[in-house]
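Observations on the three-dimensional arrangement
Okay, here's what each chain looks like letter by letter:
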Amino acid sequence: MATQVTANAQRGSSFLQIAIALQTLTIFLQAVSAGLLLTSSYGETLHSVGARVMYGASMLYVLAAVLAWKPGGSSPRPVWHASGFLVLASVQVVLGIAHVPSVHLPLGVVMFGLSVLALARR
């Protein structure tokens, strides 16, 4: 029985690490597409699609954190981190739609840094 719980916890932890890596990658690609937004005609479309993918990756991070927490009975801290990140992603989307680059861009940098930090801690 203990080996089953350990195996489930390891799978949940691996899924969590993959989810954080995916989120980090999507945020980085958003920075790239933001540059293209300024220099090409297709940049706006790419950035818009990327925003949806990044938001989905943030939701996947929450799901992975919950799945890693529940079976293994570990600390709920990753769930709080993932939920906070989803709140930041929601604010980021709203700021992007409202065209508030003075807050949208720095928040993107902060989100990337936090995501890299979360990835390094795993």
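Analysis parameters
- Residues numbered from 1 in each chain as written.
- Predicted model: local features only at pLDDT ≥ 70, side-chain atom pairs only at ≥ 80, totals over all residues.
- Heavy atoms only, no water.
- Axes fitted to C-alpha atoms, helices over the stretch in contact; angles between N-to-C directions.
- Helix = DSSP H or I, 4+ residues; strand = E, 2+ residues; numbered from the N terminus.
- Parallel < 35°, antiparallel > 145°, perpendicular 65-115°, else oblique.
- Left-handed = near helix turned anticlockwise from the far one by under 90°.
- Contact = heavy atoms within 4.5 Å.
- Nonpolar A, V, L, I, M, F, W, Y, C, P; charged D, E, K, R; others polar.
- Buried < 20%, exposed > 50% of the residue type's maximum accessible area, 1.4 Å probe, protein only.
- Expected span 1.5 Å × (residues − 1).

Regarding the packing of helix 3 (residues 77-97) against helix 4 (residues 101-121)
Axis separation between helix 3 and helix 4 bottoms out at 10 Å; the angle between their running directions is 160 degrees. Here helix 3 is positioned roughly antiparallel relative to helix 4, judged by the angle of their axes. For the element pair helix 3 and helix 4, the recorded crossing hand is left-handed. Residues H81, F85, L88, A89, V91, Q92, L95 and G96 of helix 3 lie in contact with helix 4, whose contacting residues are V103, H104, L107, G108, M111, L114, S115 and R121. Looking at the contact of helix 3 with helix 4, its residues break down into nine nonpolar, six polar and one charged.

Some remarks on the side chain of S58
Within the secondary structure, S58 sits in helix 2 (residues 43-72). Taking the relative accessible area as the measure of exposure, S58 reaches 0% and is therefore buried. Residue contacts for S58: discarding those within four places in its chain leaves Q23, F85, L86 and A89.

Some remarks on helix 3
For an α-helix, 3.6 residues make a turn, and residues three or four places apart therefore share a direction. For helix 3, spanning 21 residues, the distance from its first C-alpha to its last is 30 Å, which sits close to the expected 30 Å at 1.5 Å a residue. Taken together, the buried positions of helix 3 are occupied by P78, V79, A82, F85, L86, A89, Q92 and L95. H99 sits one or two residues past helix 3 and shows a positive phi near 55 degrees.

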